[in-house]
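Below are the chains, spelled out letter by letter.
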Amino acid sequence: MFNLMRNIRRQGFKSLLVCFIGILLTLFLSLYLGNIAASRKELNHLPEVLPVASHITNISGSKSVGLLIDGGLIEKIKATNMVNNLRYTVQLSANFAPETPEEELGYKYIAIMGVNDISAFSLLSAEDIEWADGVAEDFLSGRQAGVIVQENFLENNDLNIGDRVWLSLYSIDYGEKLNEIYYKKIDDIALEIVGSYALNVTQFGEFILPDMICPVGWVEETLQEYDKKFYADSASFVVSDPLKLNDFKAAMRSFGFQPVNAQADSYSLSGFGLLVNDETFVRSAGSLQKNLTMMTVFLPLILLLIVLVGYIASYLVMQSRRSEVAVMRSLGVSQSRCILSLSAENALLVLLGCLVGLAAAVSFTGIGLSGALVITAVFFVSYMLGVVAALLKLSRMPVMEVLTKSE
Amino acid sequence: MGLIEVKDVSYSYQGKYQTIEAVKNVTCSFDEGAFYAIVGHSGSGKTTLLSLLAGLDLPTSGEIYVDGSAMSALNRDRYRLKTASVVYQSFNLFPLLTALENVTYPMQLQGRSKAEAEAVAKQLIAEVGLGEKIWRRRPLMMSGGEQQRVAIARARAAGGKIMLADEPTGNLDAKNGNMITNQLKLLAHERGYAVIVVTHNEELAKQADAVYMMQDGQLTTLAKEGQHESDA
């Protein structure tokens, strides 16, 4: 008011003290709010760091490949938008088909696997595949009638990339009791060889290593064309929002999936079991959530503490200026003007302290501009509430009593 | 009708154990151009009455009229800013401001420019008998008499016609006390102020045009030489 800066300068040590309180409180609040922000960020990024993978198994959880997973379930899972990276496979078999009725070919069992992404087949990576010119890696996610063929198979059957092969295609059925394998012929179909791949293993448990790999989309389309039901052989995916795991599980339950029960029939091939690898995620997220809740619950208390510090510090510092305030009141300065004038001094000092505190906080916590603005606003409003309350109390003093000796 | 009319004014406040009646049914009048003294023992209610006259408190009953307007209806901050000023025993200058700054303060509160306020302040300081060298001094570098004279100059700076003083000579030696008494008399008789002084100082009271006695919250008029004592 009269001369703000001069008053501040003349208060010397007390001005420095208020400034220092501002620095300390800002630093403290920055660290506290910084911790909340960091925990929230960590929680939001947890799904990337600890993705929750899930795969369909039989009810006992003993099998995750060679299953009969109803194609309708796969479509339902796709439609939820609750999963990412849905990978599924289908098993077919074939033998070479004669191109003319006269041609006689011996029986040769050919294992074909349909995939929608190369990562669905864990023994193979993109580097193991050599593509024909003009064929892209996303071939497997499409519906084109073509296959990539194992190098040894090409060599043994005198085939090359770019050839067309005539195949009698069969779908696999395991029968009612699931102890017999049936091959149901689909048709004789010509497929173009669009690439080859090298497998470094010859055996992979019970898994039949495929001689050919084709797009699962093409298999689905073909089976539909021949009015045959599609069953996936395996399926896995990542939960898109693990922070909503309960919603995801409820949706899966509504589709008929059940939690894996180790005591259930381990020979079942029906893909109704759902194994969700969420233990690590749930533990980490729970711990983070607990910390976050704790810090958020205490935040109002922290703000109240700042209001209190503002109140006490101002009240104590202003005690030595009681007579000055009384003189101001005696000379006709209104209570509100007194409060405004002294608040302005405090505000300036505290803002200065806040800026210094923020500069220190930036170097400790790396908070950004928006974070700094939030901290400044929260701190300033809280502290000034305390200051105004103290000044309000101070300015209500009995002026004459302060300025005169008691009678 | 006086500049200040006090009509049946009482003031009580809640003490630690009981309600204290500091001023009881006081009725009196103060005119422009007159010098009044209110005397009485400590605790008699003199300063409380002064506080009421300064508009720092409102009576619990009764009314004070200033120039015909009821104090309770006035903006009392504005009343102190423009009409009534108080001089205290302990001077109460702003310790961190110079003499000149102390005197310009009320004028700047009224919105007058710094240059104009300084010119008037210098004139007022000169009128209380202080030289230029006092302008840049802070209160700590001044004697008691100098401080009180600066306080009178500050009180005059507001431009009102009511000057209230609480033991203005209480902290001064006889020489400085006389000087301040003369200043106050001068203000009343030559500048038309209504000067009301609360004091224990008999010498000061003798200089007053009218003397009131405060006793247990009640006010009586003391007879001046050649007059009869009567209730106020």
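The structure displayed is predicted, hence computed values, not measured ones. (Residues numbered from 1 in each chain as written. Chains lettered and ligands numbered in written order. Predicted model: local features only at pLDDT ≥ 70, side-chain atom pairs only at ≥ 80, totals over all residues. Heavy atoms only, no water.)

Notes on the nonpolar core
Formed by 136 residues in total, the largest nonpolar core has its most connected members in Tyr 383 of chain A together with Phe 30 of chain B. Broken down by element, this core gets its largest block of residues, 11 residues, from helix H7 (residues 279–319) of chain A. Looking at which domains feed residues into this core, each of domain 1 (4–44 + 284–403) and domain 2 (53–277) of chain A gives three or more. Beyond its immediate sequence surroundings of up to four residues, Tyr 383 of chain A is in contact with Val 18, Ile 21, Leu 25, Ile 306, Val 309, Gly 310, Ala 313 and Val 350 of chain A. Grouped together as the second largest cluster of nonpolar side chains are 40 residues, Leu 93, Val 103, Met 107 and Val 150 of chain B included. (Core = buried A, V, L, I, M, F, W, Y, C linked by side-chain atoms within 4.5 Å. Buried < 20%, exposed > 50% of the residue type's maximum accessible area, 1.4 Å probe, protein only. Helix = DSSP H or I, 4+ residues; strand = E, 2+ residues; numbered from the N terminus. Domains from an automatic or database assignment. Contact = heavy atoms within 4.5 Å.)

Here's the deal with the sheet that holds strand E4 (residues 61–66) of chain B
Through backbone hydrogen bonds, the strands of a sheet pair up, either in parallel or in antiparallel fashion. Residues and elements named next belong to chain B. Spatially, the 4 strands line up as an open sheet ordered E2-E1-E4-E5, and their pairing is antiparallel. The open sheet terminates on both sides in strands that have one partner only, identified here as strand E2 (19–30) and strand E5 (69–70). Here strand E1 (residues 4–14) pairs with E2 via 8 bridges, running antiparallel. What sits directly across from Val 6, in E2, is Cys 28. Seen against the sheet, helix H1 (residues 46–53) touches E1, E2 and E4 and runs at an angle of roughly 60 degrees to E2. (Pairing = 2+ DSSP bridges. Axes fitted to C-alpha atoms, helices over the stretch in contact; angles between N-to-C directions.)

So, the pairing of strand E10 (residues 218–222) of chain B
All names here are of chain B. Examined bridge by bridge, strand E9 (residues 210–215) and E10 share 5 bridges and lie antiparallel to one another. Directly across from Gln 215, in E10, lies its bridge partner Gln 218. With antiparallel pairing between neighbouring strands as the criterion, E9 and E10 make up a hairpin whose turn holds 2 residues, including Asp 216 at a positive phi of roughly 50 degrees.

Side note on the side chain of Glu 5 of chain B
All names here are of chain B. Locating Glu 5 in the fold gives a position in strand E1. One buried charged side chain, Glu 5, makes no salt bridge at all; its nearest oppositely charged neighbour is Lys 7, positioned 5.1 Å away. A polar atom in the side chain of Glu 5 sits 3.1 Å from the side chain of Ser 29. Residues contacting Glu 5, with those up to four places away along its chain left out, are Cys 28, Ser 29, Glu 63, Ile 64 and Tyr 65. (Lys, Arg positive; Asp, Glu negative; His and termini not counted. Salt bridge = Lys/Arg side-chain N within 4 Å of Asp/Glu carboxyl O. Polar contact = N/O pair within 3.5 Å; in protein donor to acceptor, adjacent residues only side chain to side chain.)

Quick word on the layout of surface pockets
In this structure, the largest pocket encloses a volume near 780 Å³. Among the secondary structure elements, those contributing two or more residues to the lining of the largest pocket are helix H11 (399–403) of chain A together with E1, E2, H1 and helix H2 (76–82) of chain B. Residue classes in the lining of the largest pocket are distributed as 9 nonpolar, 12 polar and 11 charged. (1 Å grid on protein atoms, 1.4 Å probe; cavity = no way out; pocket = protein on both sides within 12 Å on 5 of 7 lines; lining within 4 Å. Points joined across faces, edges and corners; volume = space filled by probe spheres on them. Nonpolar A, V, L, I, M, F, W, Y, C, P; charged D, E, K, R; others polar.)

Some remarks on the domain arrangement of chain A
If you check the domain split of chain A, you get domain 1 (4–44 + 284–403) and domain 2 (53–277). The gap between the C-alpha centroids of domain 1 of chain A and domain 2 of chain A is 65 Å.

Thoughts on the pairing of strand E11 (residues 234–239) of chain A
All names here are of chain A. Counted residue by residue, E11 has 5 buried out of 6 residues, so it is predominantly covered. Note: strand E1 (residues 53–57) against E11, 3 bridges, orientation antiparallel. Across the sheet, residue Ala 53 finds its bridge partner in E11, namely Val 238. As judged from the 5 bridges shared by strand E3 (residues 83–96) and E11, these two strands associate in the antiparallel manner. Paired with Thr 89 across the strands is Ser 234, a residue of E11.

Focus: the packing of helix H8 (residues 322–330) of chain A against helix H9 (residues 335–365) of chain A
Residues and elements named next belong to chain A. Remark: H8 packs on H9, axes separated minimally by 10 Å, with the N-to-C direction vectors making an angle of 140 degrees. Taken together, H8 and H9 sit at an angle that is classed as oblique. The interaxial crossing formed by H8 with H9 has right-handed handedness. Packed against H8, whose contacting residues are Val 325, Met 328 and Arg 329, the element H9 presents Gln 335, Cys 338, Ser 341 and Leu 342 at the interface. Partitioned by chemical class, the residues of the contact of H8 with H9 number 4 nonpolar, 2 polar and 1 charged. (Parallel < 35°, antiparallel > 145°, perpendicular 65-115°, else oblique. Left-handed = near helix turned anticlockwise from the far one by under 90°.)

Let's talk about empty space enclosed by the protein
Residues and elements named next belong to chain A. Counting across every chain of the model gives 4 cavities of 30 Å³ or more. The space that makes up the second largest cavity amounts to roughly 100 Å³. For the second largest cavity, the full set of lining residues is Ile 8, Gln 11, Lys 14, Ser 15, Val 18, Ser 314, Val 317, Met 318, Arg 321, Glu 345, Asn 346 and Leu 349. When contributions to the lining of the second largest cavity are tallied by element, the ones reaching two or more residues are helix H1 (4–11), helix H2 (13–49), H7 and H9. The residue inventory of the lining of the second largest cavity, partitioned by class, reads 5 nonpolar, 4 polar and 3 charged.

Brief notes about the packing of aromatic side chains
Residues and elements named next belong to chain B. The final tally for this structure, using the stated rule, is 13 aromatic pairs over all chains. With 6.3 Å between their ring centres and 40 degrees between their planes, Tyr 11 and Tyr 13 make a pair best called tilted. Look at Tyr 11 and you get buried, because its relative accessible area is 14%. Feature note: the residues Phe 30, Tyr 36 and Tyr 212 constitute an aromatic cluster, connected by ring pairs. Geometry around Phe 94 places Arg 154 over its ring, the cationic atom sitting 5.7 Å from the centre. (Phe/Tyr/Trp six-rings, centres within 6.5 Å; stacked < 30°, edge-to-face > 60°. Lys NZ or Arg CZ within 6 Å of the ring centre and 35° of its normal.)

Points about the packing of helix H3 (residues 99–109) of chain B against helix H5 (residues 144–157) of chain B
In a packed pair of helices, the relevant descriptors are the angle between the two axes and the axis-to-axis distance. Residue and element names in this part refer to chain B. Where H3 meets H5, the closest approach of the two axes is 7 Å, and the angle between their N-to-C directions is 20 degrees. Relative to H5, H3 is oriented roughly parallel. Here H3 and H5 pass one another in a crossing that is right-handed. On H5, the residues touching Ala 99, Asn 102, Val 103, Pro 106 and Met 107 of H3 are Val 150, Ala 153, Arg 154 and Ala 157. Class assignment of the residues belonging to the contact of H3 with H5 gives a composition of 7 nonpolar, 1 polar and 1 charged.

Regarding H5 of chain B
Residue and element names in this part refer to chain B. Helix length check: H5 (14 residues) gives 20 Å between terminal C-alpha atoms against 20 Å at 1.5 Å per residue, within 8%. Burial of H5 is extensive: 13 of the 14 residues sit out of reach of the surface. At the exit of H5 stands Gly 159, carrying a positive phi of roughly 90 degrees. (Expected span 1.5 Å × (residues − 1).)

What to know about the pattern of salt bridges
The full count for this structure, using the stated rule, is 16 salt bridges over all chains. For Arg 321 of chain A, the salt bridge identified is with Glu 324 of chain A, shortest N-O distance 3.0 Å. Relative accessible area serves as the criterion here: at 15%, Glu 324 of chain A is assigned to the buried category. We note a salt bridge from Glu 116 of chain B to Arg 112 of chain B, for which the minimum N-O separation is 3.4 Å.

A short note on the interface of chain B and chain A
Counting residues at the interface gives 30 residues for chain B and 22 residues for chain A. Summed over both sides, the interface between chain B and chain A buries roughly 2400 Å², with carbon and sulfur atoms accounting for 60% of that surface. When the area that chain B buries against chain A is broken down by residue, the three leading residues are Leu 96, Tyr 105 and Leu 109 of chain B, summing to 21%. Taken together, chain B and chain A are joined by 1 salt bridge. Ionic pairing is found between Asp 77 of chain B and Arg 329 of chain A, a salt bridge with its closest N-O pair at 3.0 Å. Taken together, the connections running from chain B to chain A amount to 4 residue pairs in polar contact (both at pLDDT 80 or more). Contributing elements (two or more residues each) for the side of chain B that touches chain A: H1, H2 and H3 of chain B. (Buried area = accessible area lost by both parts, 1.4 Å probe.)

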